[in-house]
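Here's the letter readout for the chains.
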Amino acid sequence: MADLWQDAMDHAVAIARRAGEVVREALQDDRKVMTKSSSVDLVTQTDQKVEQLIIQSVKYKFPTHSFIGEESVAAGEPCVLTDRPTWIIDPIDGTTNFVHAFPFVAISIGFSVNKQIEFGVIYSCLEDKMYTARRGKGAFCNGEPLQVSDREDIKQSIIATEFGSSRDPEAVEKIFSSLRNVLCIPVHGVRGAGTAAINMCHVASGCVEAYYEIGIHVWDVAAGSLVVSEAGGVLMDVEGGAVDLMSRRIVAANSRTIAERIVKQIDSFSPLRDDAPPPQTL
Ligand SMILES: O=P([O-])([O-])O[C@@H]1[C@@H](O)[C@H](O)[C@@H](O)[C@H](O)[C@@H]1O
Ligand SMILES: [Mg+2]
Ligand SMILES: [Mg+2]
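Residues numbered from 1 in each chain as written. Chains lettered and ligands numbered in written order. Predicted model: local features only at pLDDT ≥ 70, side-chain atom pairs only at ≥ 80, totals over all residues. Heavy atoms only, no water.

### Notes on the coordination of the magnesium ion (ligand 3)
Part 1 of the reasoning: Protein coordination at the magnesium ion (ligand 3): the donors are Glu-70 (OE), Asp-90 (OD) and Ile-92 (O), at 2.0 to 2.2 Å from the metal.
Part 2 of the reasoning: The sequence motif formed by the donor residues of the magnesium ion (ligand 3) is E-x19-D-x1-I.
Part 3 of the reasoning: Between the magnesium ion (ligand 3) and the magnesium ion (ligand 2), the interatomic distance is 3.5 Å, and Asp-90 donates to each metal, bridging them. With Glu-70 in helix 3 (residues 70–74) and Asp-90 in strand 4 (residues 86–93), this residue pair connects regions lying 20 residues apart in the sequence. (Donors = N, O, S within 2.8 Å, 3.2 Å for Na, K, Ca; no water. Helix = DSSP H or I, 4+ residues; strand = E, 2+ residues; numbered from the N terminus.)

### Description of the packing of helix 6 (residues 196–205) against helix 7 (residues 218–230)
Part 1 of the reasoning: Between helix 6 and helix 7, whose axes approach to 8 Å, the crossing angle comes to 5 degrees. Here helix 6 lies roughly parallel to helix 7, going by the angle between them. Along the contact surface, helix 6 presents Ala-196, Ala-197, Met-200, Cys-201, Val-203 and Ala-204, while helix 7 presents Asp-220, Val-221, Gly-224, Ser-225, Val-227 and Val-228.
Part 2 of the reasoning: The class makeup of the residues in the contact of helix 6 with helix 7 is nine nonpolar, two polar and one charged. (Axes fitted to C-alpha atoms, helices over the stretch in contact; angles between N-to-C directions. Parallel < 35°, antiparallel > 145°, perpendicular 65-115°, else oblique. Contact = heavy atoms within 4.5 Å. Nonpolar A, V, L, I, M, F, W, Y, C, P; charged D, E, K, R; others polar.)

### A look at the UniProt feature "binding site: Mg(2+) 2" (unreviewed entry) in the chain
Part 1 of the reasoning: As recorded in UniProt, the feature "binding site: Mg(2+) 2" (unreviewed entry) lies at Asp-90, Asp-93 and Asp-220. In summary, the annotated positions, though distributed over 131 residues, converge in three dimensions, the widest C-alpha pair being only 6.7 Å.
Part 2 of the reasoning: Positionally, Asp-93 belongs in strand 4.
Part 3 of the reasoning: If we ignore the near neighbours within four places in the chain, the residues touching Asp-93 are Phe-104, Val-105, Ala-106, Thr-195, Ala-196, Ala-197 and Asp-220.
Part 4 of the reasoning: Along the chain, Asp-220 turns up in helix 7.
Part 5 of the reasoning: If we skip the residues at most four places from it in the chain, Asp-220 touches Asp-90, Asp-93, Ala-196 and Ala-197. (UniProt positions renumbered as here; feature names shortened; annotations may be inferred.)

### Re the layout of surface pockets
The method is simple in principle: a probe with the dimensions of a water molecule rolls over the atoms, and the space it marks as empty is what remains.
Part 1 of the reasoning: Taken as a whole, the second largest pocket spans an internal volume of roughly 270 Å³.
Part 2 of the reasoning: Of all the elements in the fold, those that place two or more residues in the lining of the second largest pocket are strand 6 (116–124) and helix 7.
Part 3 of the reasoning: Top contributing element to the lining of the second largest pocket by residue count: helix 7, with four residues.
Part 4 of the reasoning: Looking at the lining of the second largest pocket residue by residue, the classes come out as eight nonpolar, three polar and four charged. (1 Å grid on protein atoms, 1.4 Å probe; cavity = no way out; pocket = protein on both sides within 12 Å on 5 of 7 lines; lining within 4 Å. Points joined across faces, edges and corners; volume = space filled by probe spheres on them.)

### Notes on helix 1 (residues 6–26)
Part 1 of the reasoning: The first and last C-alpha atoms of helix 1 sit 30 Å apart over 21 residues, in line with the 30 Å expected at 1.5 Å per residue.
Part 2 of the reasoning: All of the buried residues in helix 1 are Ala-8, Met-9, His-11, Ala-12, Val-13, Ile-15, Ala-16, Ala-19, Gly-20, Val-22, Val-23 and Ala-26.
Part 3 of the reasoning: Taken together, the buried residues of helix 1 touch helix 2 (45–61), strand 4, helix 4 (95–100), strand 5 (106–113), strand 6 and strand 7 (129–134). (Expected span 1.5 Å × (residues − 1). Buried < 20%, exposed > 50% of the residue type's maximum accessible area, 1.4 Å probe, protein only.)

### Observations regarding helix 6
Part 1 of the reasoning: Within helix 6, nine of the ten residues are buried, which leaves the element mostly enclosed by the surrounding structure.
Part 2 of the reasoning: Every buried residue belonging to helix 6 is among Ala-196, Ala-197, Ile-198, Asn-199, Met-200, Cys-201, His-202, Val-203 and Ala-204, and all of these are buried.
Part 3 of the reasoning: At the C-terminal side of helix 6, Gly-206 shows a positive phi close to 95 degrees.

### With respect to the pattern of salt bridges
Part 1 of the reasoning: Scanning the entire structure with this criterion turns up 18 salt bridges.
Part 2 of the reasoning: Measuring nitrogen to oxygen at the nearest pair gives 2.6 Å for the salt bridge that ties Asp-3 to Arg-134. Here Asp-3 is found in the segment before helix 1, whereas its partner Arg-134 is found in strand 7, with 131 residues between them in sequence. Arg-134 carries the same exposure label as Asp-3, and that label is buried. (Salt bridge = Lys/Arg side-chain N within 4 Å of Asp/Glu carboxyl O.)

### Comments concerning the coordination of the magnesium ion (ligand 2)
For a metal with four donors in a tetrahedral arrangement, the ideal angle between donors is 109.5 degrees, while six donors in an octahedron ideally sit at 90 or 180 degrees.
Part 1 of the reasoning: At the metal site, the magnesium ion (ligand 2) is ligated by Asp-90 (OD), Asp-93 (OD) and Asp-220 (OD), and these contacts range over 1.9 to 2.0 Å.
Part 2 of the reasoning: Residue Asp-90 is classed as buried on the basis of its relative accessible area of 0%.

### Quick look at the environment of Ser-38
Part 1 of the reasoning: Tracing the backbone through its elements, the reader meets Ser-38 in the loop between strand 1 (33–35) and strand 2 (42–44).
Part 2 of the reasoning: Residue Ser-38 is classed as partly exposed on the basis of its relative accessible area, which comes to 23%.

### Focus: the nonpolar core
Part 1 of the reasoning: One finds Ile-68, Ile-88, Ile-122, Leu-146, Tyr-211, Val-218 and Val-227 to be the most contacted residues of the largest nonpolar core, which totals 38 residues.
Part 2 of the reasoning: Top contributing element to this core by residue count: helix 7, with eight residues.
Part 3 of the reasoning: Apart from residues no more than four positions distant in its own chain, Val-218 is found in contact with Ile-68, Cys-79, Ile-88, Leu-245, Met-246 and Asp-274.
Part 4 of the reasoning: Counting residues in hydrophobic clusters, the runner-up holds 31 residues, among them Ala-26, Ile-54, Ile-92 and Tyr-123. (Core = buried A, V, L, I, M, F, W, Y, C linked by side-chain atoms within 4.5 Å.)

Below, the structure is given as C-alpha cells:
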C-alpha cells in the first residue's frame, strides 16, 4: 500500500537540505545575536529566516497542515499539539553552536498525526548528514540503516547530555547533581554535541548509549524521538514511565536497562510545559 505521508516526508528532506544551504551560507557572514528567555537563550535572523522558509514552502504544498515552530512560538503562536497533521520545526537546533561556528548544527523537522510522530528528518548540515525515520520503517543516515548500540553495561557507556539555557540556581544545582551521579557510576564518558537533535542521532547511530536532558522543547526532540525508536532505542521520562514530548524532559537510550539506570541517577525537576497556557496578565 502506498505510504500516505511519503510525499510530505520527501518534501521535508528537500526543504531541510535547502535550509542547510542557507545555514552554511550564513556561517560565512557576521551573525547578529538576539536573546529570548534568558541572556544565554540565543536566536539569530537565520533561525527566523529558515523557519519561515520551511513554513512557507510547506503551506504552499500542504495548505491544511498545522505548525509548531520554535521561532513562531517565541513570537507568540500557540504551542499545542492536536490530532491534525502538524509539522514540528526547529529551524536551527544548536543556535549557540551556530553563533560560535562550533560544528554541530541541525535542522529538525518532526511530523505528527493524531499526536503520533509519523516521520522525523534531522539534517546535520555542517557534516552533510541527513537522518530520516519513518514510523515502522526504520531509521537511516544518508540512506544507510541505523542501529543503536548493544552495550548493556552502563559502566562501558558514553552518555550524552546538555546544560541547557536555564541559569536558575536550583535548576543548575540539579543538573550538576544528576551529572555527578551519572559520571560516578562510573561511565566511560559524558559528551554533548550542543544540539538535542544530533545527540539523539548519536544514540540512534550507536556511538553513545543514551542522552538525557531536562529543559528541551518539543521541537528539539520530536524528530529525534522517532529516529531513536526506529533505530531500536527506547524513550522514557526522566522519572521513568512514558515520555511526554510536551513535558520538556527526556531520556533516549539504546535499551530499557540503560534508560532505567539513567533515570535512577537523575535529580528531576519540572520546567513549565511547552503547552502550558500563557500566564494571565491583569
Ligand atoms: O535553542 P536551540 O539551539 O534550538 O536548542 C537547544 C538544544 O538543542 C540544546 O541541546 C539544548 O541544551 C538547549 O536547551 C536548546 O533547546
Ligand atoms: Mg533546539
Ligand atoms: Mg532552534
